[in-house]
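# Understanding the architecture of this molecule
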Amino acid sequence: MISALVSLNADLASSIAFRYACRLMEYIDMRLQPIHVEEVDKGSFPPGSGWVRSTWEKGLLQTAEEEIAQLVNAEKADCPSLDATIVEIGEYDEALLHEIEEKSYDLLVEGVLTSFHGQLFHRKIRSRLYRFSPSPIIIVKNLVQPDRVAVLLKDALDVTPLISTFLKLFSTPKASVDLIHFAFKESGKPEIKEKIQDDAVPVGSENACKLLNTAKDLLAEKGWRPKETWVIRDTAEKISEFLSDYGLIGACLPRNVHKDSLMLDLLSRIPSATLLCKK
Amino acid sequence: MKILVAVDQNPYSAHAVLEVAKLAANTWANVSLLGVLSKTDTKERSAVAEAPSGLADNPLIKALFVHRGTFLSYFKQKECPYTSKGGPDELAEIRKGVYQLVHASKSAKKKLNIRVRTGNPGREILSEAKEEESDLIVLGCDHMKGCGWESGATVPRKVANDAPCSVLIAKAAKDVKRIVCCLDHDRVSQASLEMINQMVSLHGAQLTIVGLAENQGLKAEVERKLDNILRYYHERGIDPWIEMVDIAFLDSFVARDARWGLMALWMGKQSILEKAFPKSKLDKLIKRSDASVLILR
């Protein structure tokens, strides 16, 4: 059984993420640990020290605990393997990084609402938490059914980290998985959207098929067989539309992704939950 | 539920009638088909004045009966709640300038009225909706000609802007694949939620609920409302997507997402959508976009 940390605030994004994590338990054998980090506004200082300060902190924690308990209790019936919520005061990224490192969680689940232009997603991906998290992260944007997973492969460097992360989380084949090799369309080149049938290799997709076969072999070692295999070349907008029916998209990102990265643009457009691992 | 379908003799009206038939099949709403004869057409005016029954040859009246046939043909005869025992297709003046089919579905389980009014189309449609306390006005429009009506280019826009109830401008240009609903306040009526629910199921469409944000954040009460709406639809087997759009980007968002086929705007009396989406912008959306527009009030 893997252990997953789910970060909660008293807001809509967390409510969605929490419910998604509960749904995910049908497909992943996991124990879910809710955590809430109560951030003190930057620039404002805690009052005094000693008893005054500890009373102030207790007050903050109590309010936060009550808010998060409301959210958790509403979903508890659908979430059997749920641990008592950890509530901490501190800086958000630092507190979560500390918790993940200390208790060696296998996964972090966090909610981020889809925003037009993807500002929230961009900010999140470039945060300290995402750059330094030792565990993979699922960003939940919408409450969808995580029964169909797409694994997005762009180059050979994606295959091992992504497939091994996927296999670690999904130890038994309860969901269905599709392998998708994608490339961004360059101007003047045609779009491609081909479903690979059996072992047929479409002309011009030889490298993509080779990479997909490596991924297939890795999956097969653990008893997984992809339902469908695709080769796609198109704009970020079109690829994201194609991916919108999936309940979870696995993708690799470099630790320091550039803000103008097409991959970042693609992931910010995808409305489903995204499983991110580092390469 | 009372639905008023404003029609003329053009194909876009036939499309609107068919949309209402689909909606009525799910809701068993009382439906009125309304045609408006222009007062400026002296020939029609004199015909109406002389003998309402003599209107049978008027193209609009003919169209109204064709639309009624289109509406009824959507239902299997035995299951149709609008079928009446019949009678002459005759219009009678029920009050000055307002005509109604004499036997209009008296014996049916649900009403299917046929009404004719004379005057300015936009004004008459609004008066009819007010007098009959309609919950929804539906009208089609010619999307190739800036969503106008043959009798008045601004009819659909006037109705959309000034109606006291919800309005659906049904365009035939696009299949509805996704319904995009914009929300900026926490006073969403149960009826409008149900309306969206109906639209989702009858089009087999997906649903996006858009929370309008100011300064990159949603108001706490809007977040709570979105959460409630999300739960409401989940209980009905619908998994809507949630998206947050800053009011400053609303124009570009609407331009992008109109491609999905139906744009719904929850416009309450105190809604900031009324500020972010004033008449001029709503006009532009109705006029230029291929998408159908549903204004929920």
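What you see is a predicted model, and the numbers here were worked out from it, not measured in a lab.

Helices and strands together make up the secondary structure of chain A, namely nine helices and twelve strands. Rg of the C-alpha trace for chain A: 20 Å, near the compact-globule value of 19 Å for 279 residues, within the 12% margin. Across its three principal directions, the C-alpha atoms of chain A cover 75 × 40 × 30 Å. Counting every position in chain A, which comprises 279 residues, the buried fraction comes to 41%. In chain A, once contacts between residues fewer than 6 apart in sequence are set aside, the share between residues at least 24 apart is 84%.

Time to look at helix 1 (residues 12-24) of chain A. Residues lying three or four places apart along an α-helix face the same way, a consequence of the helix completing one turn every 3.6 residues. With 13 residues, helix 1 of chain A extends 18 Å between its outermost C-alpha atoms, agreeing within 8% with the 18 Å of an ideal straight helix rising 1.5 Å per residue. Burial runs high along helix 1 of chain A: twelve of the 13 residues are buried.

Of all hydrophobic cores here, the largest spans 175 residues; its most connected members are Val151 of chain A together with Val5, Val20, Ile137 and Ile179 of chain B. The biggest single contributor to this core is helix 1 of chain A, with nine residues. With residues near it in sequence (within four places) discarded, Val151 of chain A still touches Leu162, Ile163, Phe166, Val177, Leu179, Ile180, Ala215 and Gly250 of chain A.

Below, the discussion takes up the packing of helix 8 (residues 236-243) of chain A against helix 9 (residues 262-269) of chain A. Residues and elements named next belong to chain A. Where helix 8 meets helix 9, the axes come as close as 9 Å, and the angle between the chain directions of the two elements is 40°. Judged by the angle between their axes, helix 8 and helix 9 are oblique. The element helix 8 and its partner helix 9 pack so that their crossing is right-handed. Here Ala236, Glu237, Ile239 and Ser240 of helix 8 lie close against helix 9, whose contacting residues are Leu262, Asp265, Leu266 and Arg269. Of the residues in the contact of helix 8 with helix 9, the class split is four nonpolar, one polar and three charged.

What counts, and at which threshold
- Residues numbered from 1 in each chain as written.
- Chains lettered and ligands numbered in written order.
- Predicted model: local features only at pLDDT ≥ 70, side-chain atom pairs only at ≥ 80, totals over all residues.
- Helix = DSSP H or I, 4+ residues; strand = E, 2+ residues; numbered from the N terminus.
- Rg over C-alpha atoms; globule rule 2.2 N^0.38 Å.
- Buried ≥ 20, exposed ≤ 12 C-beta atoms within 10 Å, placed from the backbone.
- Contact = placed C-beta atoms within 7 Å.
- Expected span 1.5 Å × (residues − 1).
- Core = buried A, V, L, I, M, F, W, Y, C linked by C-beta atoms within 7 Å.
- Axes fitted to C-alpha atoms, helices over the stretch in contact; angles between N-to-C directions.
- Parallel < 35°, antiparallel > 145°, perpendicular 65-115°, else oblique.
- Left-handed = near helix turned anticlockwise from the far one by under 90°.
- Nonpolar A, V, L, I, M, F, W, Y, C, P; charged D, E, K, R; others polar.

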